[in-house]
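Below, each chain spelled out in residue letters.
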Amino acid sequence: MSTQSLATQPIASPHAHGGNSVTRTMFRVQLALAPATLYGFWLFGWPSFFLWLLTILSCLGFEALSLKLMGSARIKVTLWDGSALLTGWLLAMTLPPWAPWWVAIIGGFIAIVIGKQVFGGVGQNVFNPAMVARVALLVSFPVPLTQWVAPLPVTSLAAPDFIHGLQIFLGNQATPDAMASASLLGYTKTELSRGIDLLHSLGGDHGALFSWAGTRAGSFGESASLLILAGGFYLLATGIITWHTPLAVLAGLAIPAAIGHAVDPTHYLSVSTHLLSGAAMLGAFFIATDYVTSPNTGAGQIVFGLGIGLLTWIIRTWGGYPEGMAFAVLLMNALTPVIDRFVKPRILGRDRKGKPLDIPESKGA
Amino acid sequence: MGVRELISRLFVGEWGVHPDDHKRPAAEQPVRVMPVPARLYLPLQQHLGGPARPVVLVGQRVRKGELIADAQGMVSAPIHAPTSGTISSVTEITAPHPSGLTLPAIILDADGADEWCELQGCDDPFALTAAEIGKRVAAAGVVGLGGAAFPSAVKLTGAARAKVTTLVMNGGECEPYLSCDDRLMREQAAGIVDGIRIMLHATGAQVALVGIEDNKPEAIAAMRAAAAGVDTIQVRPVPARYPMGSEKQLIQVLTGTEVPADGRPADIGIIVHNVGTALAVRTAVREGKPLISRLVTVNGNCAANPGNIEVRIGTLAEEVIAFAGGLKGDGLGLARRVMGGPMMGMQIPHWRVPVVKGTSGILAFDAAEAAEQEPNPCIRCGSCVKACPMGLLPLEMSSRIRNDALPDAIDLGLKDCIACGCCAYVCPSKIPLVQYFVHAKGELASQDRAKLRTDATKKLAQQRQARLERETREKAEAAAKRKAEREAAAAAKAAAETSRTTT
């Protein structure tokens, strides 16, 4: 059947529509991200704003370029659906807040061109584009991608002003040593590798309390776990996502963490540290819930989410990298078609295997 | 709610959608009776099954209720003159079908007298046998008035054979905009209850469950009052959720049982009838009157005065709208004409299409209601999966169909699709999913037909081959036999010769 004949005016029912649209959905996700983003700007200052802006512009630019090269007649419509913008936004949230400008450009290229358009554009990609870019950047440029800065609220005197911020972003100004810092996960991993156990490395102060307010080193958008969580609840309330994926991700991370911590608190971080550090919240509510790359059924999403949580914990605990959310998401993305194949809803009047239910003997005609 | 259902609720969520029902103010207006128009257009195919066969001649005078086309085949329904008048012609007219194709129809010019033919009623339908009731219902041309227009008598007599225990009465009317069943239940509850009792008698079912969506409290109250004291009839409010009025869904909600995928409700001891059908059955059995009129909801943003109209079958939609109060601004801003409900009704090309037995609504939609938008690519959001009341994966099915992988779509459950439209209603990308499925089912049907034809041809060819082989064999045998005879004769002759020469 030709797609043309389908694209012409539909004659089949229904003659009504609920009013939902891709643009509206994407807009709501962006709205949910806004508080954490604004807080991030406040924490990390102008450089983080430039990074955020350029990552989004880069994604939009590469999306437009790809569509133009492919001869698409729907460039404007596609840009307007907000999916490229969201990809850029999510990618920016996972980058070190003071990452230089070229990280934004290359990240946008990898996310949109390699992560999305080569698969056929919106809806066709197997992997989460933002996570493809995040992982490719991390593997290719480990130094700038792990250079964290201590939060320095815009209002504080030491915070870079607009011009200084731009200079940092453009790479003309080295990050002051005093500000370089390590993320909690990175710090504990390094210390563990030096033979210093968690009880000593974390001392008394580095608890979860520290991160509730988000005032600590980390990716631009992931420190403010509470605001991310609030955004996640907004998505749940508006029905954009269901509880299955986020709950499963958090459970998949929390359950092994609880067991590990109970067995050996000197080597395994606590549940709250795991949940509030790194991209756990962002990943659970905003990344793993990506429509395109996650399973379609609630049960499938639970399998998917548990997998992400568990893999994240494994990578954080034993892997070479301090944070594993991005890798875990990509691995489970690859499994999504398999999950969708095996976890299907039961059809009314059929059993789980798709066989028609038995017709009762006595009633049969 | 059982544990299993609770778990399934938790993991699968709630099927269906909650469209804005747009039922009021049309549902609040009392039914208006439309006078007989000057001319009626009666398609021969108004029901599921074989088309009716005309039994009148052009120029013949008929009275109201007289048979003008008779049922043809096992599943069919006759058609009667909705008023008295003269048969003007038997010709092709635009049928209530989105293609705008024509269908054969009888055209009747009304004489204005509206004079009944002789009717044979029955004072005590409960003294009749099930077969007699079935015969009367069949003769009255009663079909399911919910929209599918399946001949009711076929269902009733089939139910008696299949030992049905439960009669589910469908007063769901889950389609937005429509309120004809609502109005009927409010105004004629007693007649409907009487009809249900006749149906119970005819089917042998012990109990009738009347399912009415809880957004129609007046109808529920009216039906409860009418059914008070009849302990075989239970009025059961059901949640207002589309498609609650779909057979399989209503059965599931009311009885907790599921119709097997390759079976019918009768297989699990249930039959489903629309409440309007109950009234038509009552009229047919008690008064002997055939089905010649019905309630039609006129609604939509473009309708000047929405409401429910009692219309003779065969009246043009144009005239119904004019009677109802016309279109706002003479149809300025009209974007889509729909017959039936917005979720499963059909788009019609113009208003010169007649009301048939299954017509529940005439809707005049403006651009905002018609929601015509360019489809975007699927973002796999899964909204359709959550909405599907059958538990299908519409997004997967449509991607298979788009890639011409029909067998894969069937494996995913294409044949279980009831075309309710929930998936397309919720789709943020505005993909015309039902269009895909209807197309695929059509394709499937034509493939099946083609296969039947090839099979038939193959069988013929095989038979011919066998016949030819048999003929050749018989010829050869005959030839061999003749040869043997000849040889025997020759041998006998030779023997005779030899004996002569020797002697």
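Residues numbered from 1 in each chain as written. Chains lettered and ligands numbered in written order. Predicted model: local features only at pLDDT ≥ 70, side-chain atom pairs only at ≥ 80, totals over all residues.

### What to know about the overall build of chain A
What chain A contains, in helices and strands, is 17 helices and 2 strands. Taken over 365 residues, chain A has a buried fraction of 51%. In chain A, once contacts between residues fewer than 6 apart in sequence are set aside, the share between residues at least 24 apart is 76%. (Helix = DSSP H or I, 4+ residues; strand = E, 2+ residues; numbered from the N terminus. Buried ≥ 20, exposed ≤ 12 C-beta atoms within 10 Å, placed from the backbone. Contact = placed C-beta atoms within 7 Å.)

### Let's talk about the overall build of chain B
Secondary structure assignment for chain B yields 15 helices and 17 strands. With respect to the three principal axes, the spread of C-alpha positions in chain B is 125 × 60 × 50 Å. The burial tally for chain B puts 51% of its 503 residues in the buried class.

### Remarks on the sheet that holds strand β12 (residues 270-274) of chain B
All names here are of chain B. Judged by pairing direction, the sheet is parallel, and its 4 strands sit side by side in the order β11-β10-β9-β12 without closing on themselves. On the outer flanks of this sheet lie β11 (233-238) and β12, each paired with one strand and no other. Ignoring which end each strand starts from, the neighbouring axes of this sheet average 25° apart. Sheet topology places strand β10 (residues 207-213) next to β11; 6 bridges connect them, and they run parallel. Its bridge partner being in β11, Gly-211 is matched across the sheet by Arg-236. (Pairing = 2+ DSSP bridges. Axes fitted to C-alpha atoms, helices over the stretch in contact; angles between N-to-C directions.)

### Regarding the pairing of β10(B)
Residues and elements named next belong to chain B. Of all 7 residues in β10, 6 are buried; the element is thus mostly enclosed. Two strands pair when backbone bridges link them, and strand β9 (residues 166-171) and β10 are joined in this way by 6 bridges, in the parallel orientation. Of the residues in β10, the one forming a bridge with Thr-166 is Val-207. Taking the sense of rotation as the criterion, the β-α-β connection linking β10, helix α6 (residues 217-227) and β11 turns out right-handed. (Right-handed = clockwise from strand over helix to strand, strands pointing away.)

### Topic: the environment of Asp408(B)
Positionally, Asp408(B) belongs in helix α13 (residues 406-411). Residues Asp408(B) and Met397(B) lie 11 residues apart in sequence; the distance between their C-alpha atoms is 7.8 Å.

### Re the packing of helix α3 (residues 152-161) of chain B against helix α5 (residues 189-203) of chain B
All names here are of chain B. Packing of α3 against α5 brings their axes to within 8 Å, and their N-to-C directions diverge by 45°. Relative to α5, α3 is oriented oblique. On α5, the residues that touch Leu-156, Ala-159 and Ala-160 of α3 are Met-199, Ala-202 and Thr-203. (Parallel < 35°, antiparallel > 145°, perpendicular 65-115°, else oblique.)

### Thoughts on the confidence of the model for chain A
Across chain A, pLDDT averages 85, with 87% of residues at or above 70. For the stretch residues 1-8 of chain A, pLDDT sits under 50, and the model shows 9 contacts to residues farther than four places along the chain or on other chains. (pLDDT = per-residue confidence, 0-100.)

### Points about the pairing of β12(B)
By the criterion of burial, β12(B) is predominantly enclosed, with 5 of the 5 residues buried. The alternating pattern of β12(B) places Ile270(B), Val272(B) and Asn274(B) and Ile271(B) and His273(B) on opposite faces, both of which are buried.

### A closer look at the interface of chain A and chain B
In this assembly, 42 residues from chain A lie in contact with 65 residues from chain B. Secondary structure elements with two or more residues in the side of chain A that touches chain B: α1 (3-7), α2 (22-69) and α16 (298-318) of chain A. Among the elements that line the side of chain A that touches chain B, the one with the most residues is α1(A), at 3 residues. Among the residues making up the side of chain A that touches chain B, the classes are represented as 21 nonpolar, 15 polar and 6 charged. (Nonpolar A, V, L, I, M, F, W, Y, C, P; charged D, E, K, R; others polar.)

### With respect to the environment of Val193(B)
All names here are of chain B. By the element assignment, Val-193 lies in helix α5. C-alpha separation for the pair Val-193 and Ala-226, spaced 33 residues apart in sequence, amounts to 6.6 Å. Filtering out sequence-adjacent residues up to four positions away, Val-193 remains in contact with Ala-226, Ala-227, Val-230 and Ile-233.

### Observations concerning helix α7 (residues 247-255) of chain B
Residue and element names in this part refer to chain B. Those residues of α7 not exposed but buried are Glu-247, Gln-249, Leu-250, Ile-251 and Leu-254. Packing partners of the buried residues in α7 comprise β9, β10, β11 and β12. The positive-phi residue at the C-terminal boundary of α7 is Gly-256, with phi of around 75°.

### Overview of the domain arrangement of chain A
Residue and element names in this part refer to chain A. Per the domain assignment, the segments of chain A are domain 1 (21-182) and domain 2 (193-216 + 241-343). Contacts between the two partners involve 17 residues from domain 1, matched on the other side by 16 residues from domain 2. Of all elements in the fold, only α2, α4 (83-94) and α6 (129-140) reach the threshold of two or more residues within the side of domain 1 that touches domain 2. Broken down by element, the side of domain 1 that touches domain 2 gets its largest block of residues, 5 residues, from α6. (Domains from an automatic or database assignment.)

### Focus: the nonpolar core
Among the nonpolar cores identified, the biggest contains 242 residues, and Leu51(A), Val329(A), Val137(B), Met223(B) and Val320(B) are the most heavily contacted of them. Considering each element in turn, this core owes the most residues, 17 residues, to α2(A). Residue assignment places this core across two domains, with domain 1 (21-182) and domain 2 (193-216 + 241-343) of chain A each supplying three or more. The residues contacting Leu51(A), other than those within four sequence positions of it, are Ala92(A), Leu95(A), Pro97(A), Ala99(A), Ala104(A), Phe169(A) and Phe220(A). (Core = buried A, V, L, I, M, F, W, Y, C linked by C-beta atoms within 7 Å.)

### Overview of the packing of α4(A) against α6(A)
What describes two packed helices is the angle between their axes and the distance between those same axes. Residues and elements named next belong to chain A. It is at 8 Å that the axes of α4 and α6 come closest, and there the two elements cross at 35°. The crossing of α4 and α6 is right-handed. Each of Thr-87, Leu-90, Leu-91 and Thr-94 in α4 lies in contact with α6, whose residues at this interface are Pro-129, Ala-130, Ala-133 and Arg-134. A breakdown of the residues in the contact of α4 with α6 according to their chemical character gives 5 nonpolar, 2 polar and 1 charged. (Left-handed = near helix turned anticlockwise from the far one by under 90°.)

### A word on helix α2 (residues 130-139) of chain B
Residue and element names in this part refer to chain B. Along α2, the residues classified as buried are Ile-133, Gly-134, Arg-136, Val-137 and Ala-138. On its buried face, α2 is in contact with α3, α5 and α8 (275-287). Gly-141, located one to two residues past α2, shows a positive phi value of around 70°.

### Notes on unusual backbone geometry
Residues apart from glycine generally show negative phi values, whereas peptide bonds are mostly found in trans. A cis amide bond links Ser13(A) to the next residue, Pro14(A), at an omega of -5°. Residue Pro243(B) follows Tyr242(B) across a cis peptide bond; omega there is -5°. Phi is positive for Lys163(B), which is not a glycine, with a value near 55°. For Lys163(B), a count of 15 C-beta atoms within 10 Å gives the class partly exposed.

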